[in-house]
Structures are given as structure tokens and as C-alpha cells.
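This is what each chain is made of:
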Amino acid sequence: MSPPDAPTDADAAPILHLRGPVLIGPEEELDGAWVVDGAIRHERPELPAGAEVREIDGFVVPGLADLHCHLGIGDGGGGTTLAEARAQALVDRDTGVLLIRDAGSIMDTSPLQQQQDLPRLIRCGRHLARTRRYLIGYADEVEPAGLPAAVTREARRGDGWVKLVGDWIDRGAGDLAPCWDAVDFVAAAEAAHAAGARITTHTFDEETLPLVLDAGFDCLEHATGLTDETIPRVAAAGVPVVTTLVNVDEFETYAAQGEAKFPAYAAHMRRLRGNRYDRTRDAYDAGVQLLVGTDAGGVLGHGIVHDELDELAACGLDGSTILDAAVWAPRRVLGAPGLEDGAPADLLVVPRDPRTDHRALRQRTHVVLGGRRVA
Ligand SMILES: [Zn+2]
């Protein structure tokens, strides 16, 4: 007798014949491919007699990636239940997001990684922040003396990434400012790397970027403070930037909220917001690798990846570049599989070529995860 939860023949996913074009890289495509037993096959497989084969037409791409997502943070902040975190992941999945790097969660979302109908999840553990220098209740708040040990702990809890809040409003100074000294950023990066993890940082401010570049950080979140001086450094170091432009649009709200008490901060946030498209475009033109991130969870709701792609288009980026930031580059950075032969069949089917117009990704006819159609 099989256990009650075991898949039965009735659950077996049909074989899919994807008639393509199947985009297997930024420059490579196949005329067709198959999905058998949850995996992509480039060659026509031996089909058992009487096997059900579904013919599917359309452009096939790997699932979208969201490199800056927060599962397990409730609307308006605070922790949530595992059931709510699952519901958040399902909302993202149904928009075509099949690969998530969680950029900090209040709760342990690792049980979601066992749920085969959810996007693949790579966790950062909990945000690390300086005491009273971040949204209340989100982060483990530490002082410099405790930072390396906290980084080591989060490196063990996560899946190879640690997230440090690099800057926030300094209420004493009345403006954005780095939360740490240069030596602290160095110590944090060394602790992460010694634990075999990569480290990324939440950064809005111009002054933080030279510090984290000197310290050898591996990734930048938001990075609204990129300048003519730091853009070439980021490009030369090969450090990717996760854009979160939907969130940056919200800077006007933060500015308005802070205006009465912190006018310099408000003006700074408005300046960063006003430059967001030009700076993103400048970074791309200089060779900086952009990665799509929504910053969903907490302040912004889930399911907004297509709005983020529209924001990249507003920066003047073309469909191929947007597809790279949403699909190919995240897999290079995370070491996750795409649509190579034998890889898990995590893919979207869309009726038009997304390389010529990213909005084709809104018109999904199939979302396939592990070989099963989920949306
Ligand atoms: Zn975030």
C-alpha cells in the first residue's frame, strides 16, 4: 500500500511537446522541446505506447526570477504565518515568477522549499541592521561589535546569501547616511565569505557604495545612489544591481512623510527618485548587470513583477535586456538552471516574442513548474 500522499497515476503530468521557439539562452533557441517526468528534453523522447502528449504552441522561456522578494512579512510589516507566506509565493508564481531570492524574512520560510508547487526559493535569512536604523521589527538589529557573529549566524540559516542594511535615515543628522563604518562593512563581508555565503546590501545613499565596493560586497539592492564615480566601479567589479524601481517610485511617499522633521532627507529621497531612470540606464550602458527585484512583501504587495519590468522599459531598456535581467542573468548569478536538457521544466509559454516586447510576458498561456501546469 502506498502512503496517502503519494502521487498516483492519475496525478501523472502529461508529456508536453513545446513547439516553440524555445529560448534556451539570450542568443540561443530551439525549434521545439519536450517535457517528460518534470524535466525539459531537447530531443524527442521515446514515448511509451499510448502516452498522452499535449501539443503547445508559443514562445517558451524559463520562469521569471525575482531577486528581491520578501516572503513571510505581512502587509504593513511584521511576521506572518507559514500559510500566509505560502499564499504570497502562490501570488508571485501565478504571475510567472518561478525563482525567488528572498531578500530577508522575519520568519523561517525554509518549510516552503519542500512544497513542490511553489517557486524555487533561495533565502537570505533575516535582514541585519544597525540598532534603530531600519523599519521597526523587520531586522535583527546589532551594533558593530556584534555584526560579524550575526553575519555568520545568518549565513548558516540562509541559502548562501546574507542581507545587510547599509544605509538608512540618521535622525540625528536628518538625512540618509551609511549605518556602518568602512571597517564594519569589511568585517561583515569577511564573515559572510568565510561562511561560504555572499553578502548583499540595502543601499539608497551615494556614500555607502564606495564603502561596500571596497569591502567586496557581492550584490547591491536598490542602489539609487549610483554616481558617475561609482557606476564604473560597480561595472568593473562585476557586482550586479537589483533594481526595485516600483519601490523607488515610493520614495515620494517617504519624502512627504519625513518632510516636516527631516527636510534634507525628504529632498534627498526626491532627488534619488527623480534620477532613477537615468541612473539605471547609465548603469546598464556602463556594463552593470541589472537584475529584476520587486521588493514585494511588507510595504508593497506581491504579484507586481510585470510592473517592475515596465519600469525597466521606462528606463529605455529593450525587450532583450529586460528578459536578460528577469530570466538569464538571475540564473547566472544564482547558479540556477534554465532550460538546458534535463533541467527542471520551470517555464512560461507566451504568444509573442518577449525579446521584441517584454509585455508579451503578461500574456502567459502556460506557467509550468516541475513539468506541471500550475497557472
Ligand atoms: Zn526589500
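These numbers were taken from a predicted model, which means no experiment stands behind them.

1. Re the domain arrangement of the protein
In many analyses, interface size is given as the accessible surface area lost on bringing the parts together.
Then step 1. Structurally, the protein comprises domain 1 (9-61 + 339-373) and domain 2 (63-334).
Then step 2. Contributing elements (two or more residues each) for the side of domain 1 that touches domain 2: β20 (347-350) and β21 (366-369).

2. Let's talk about the sheet that holds strand β6 (residues 53-56)
Then step 1. Strand order across the open sheet formed by four strands is β5-β4-β1-β6, with mixed pairing between neighbours. Looking at which strands have only one partner, the edges of the open sheet turn out to be β5 (39-41) and β6. Taking each pair of neighbouring strands and ignoring which way they run, the sheet shows an average axis angle of 25°.
Then step 2. For strand β1 (residues 15-18) and β6, the ladder comprises four bridges, and the chain directions are parallel. Residue pairing across strands places H17 opposite E55, the latter belonging to β6.

3. With respect to the pairing of strand β13 (residues 161-165)
Then step 1. Counting buried positions along β13 gives five out of five residues, so the element sits mostly inside the fold.
Then step 2. Judged by which residues are buried, β13 turns out to be covered on both faces: W161, K163 and V165 on one side and V162 and L164 on the other are all buried.
Then step 3. Bridge analysis of β13 against strand β16 (residues 198-203) gives five bridges, and the strand direction is parallel. Residue pairing for β16: L164 is matched across the bridge by T201.

4. Some words on the confidence of the model for the protein
Then step 1. Summing up the model confidence of the protein, the mean pLDDT is 94 and the portion of residues at 70 or higher is 97%.
Then step 2. Long-range and interchain partners of residues 1-10, a stretch whose pLDDT sits below 50, account for zero contacts in this model, where long-range means more than four residues apart.

5. Re the sheet that holds strand β10 (residues 120-123)
Then step 1. Across the sheet, which stays open at both edges, the three strands sit in the order β8-β9-β10 with parallel pairing between neighbours. Every interior strand has two partners, whereas the edge strands, β8 (64-69) and β10, have only one. Each neighbouring strand pair of the sheet contributes to a mean axis angle of 15°, computed without reference to strand direction.
Then step 2. Pairing between β8 and strand β9 (residues 97-102): four bridges, direction parallel. Residue pairing across strands places D66 opposite I100, the latter belonging to β9.
Then step 3. Its contacts with the sheet put helix α11 (residues 319-334) on β8, β9 and β10, and the angle it makes with β8 is roughly 65°.

About the criteria used
- Within any chain, residue numbers begin from 1 and follow the written order of that chain's sequence.
- The predicted origin of the model limits local features to residues at a pLDDT of at least 70 and limits the giving and counting of side-chain atom pairs to 80 or more, whereas totals for whole chains, interfaces and linings rest on all residues.
- All domain edges in this entry derive from an automatic or database-based domain assignment.
- Where helices and strands are cited, they refer to DSSP runs of H or I of at least four residues and of E of at least two residues respectively, numbered from the N terminus.
- Only strands that DSSP links by at least two bridges are regarded as paired with each other.
- With axes taken as lines fitted to C-alpha atoms, and helix axes fitted only over the stretch in contact, angles between N-to-C directions fall between 0 and 180 degrees.
- Buried means a residue has 20 or more other C-beta atoms within 10 Å of its own C-beta, exposed means 12 or fewer, and partly exposed covers the counts in between; C-beta atoms are placed from the backbone.
- Values of pLDDT, ranging from 0 to 100, describe the predictor's confidence in every residue of the model.
- In this description, a residue-residue contact is defined by the distance between C-beta atoms placed from the backbone, which must lie within 7 Å.

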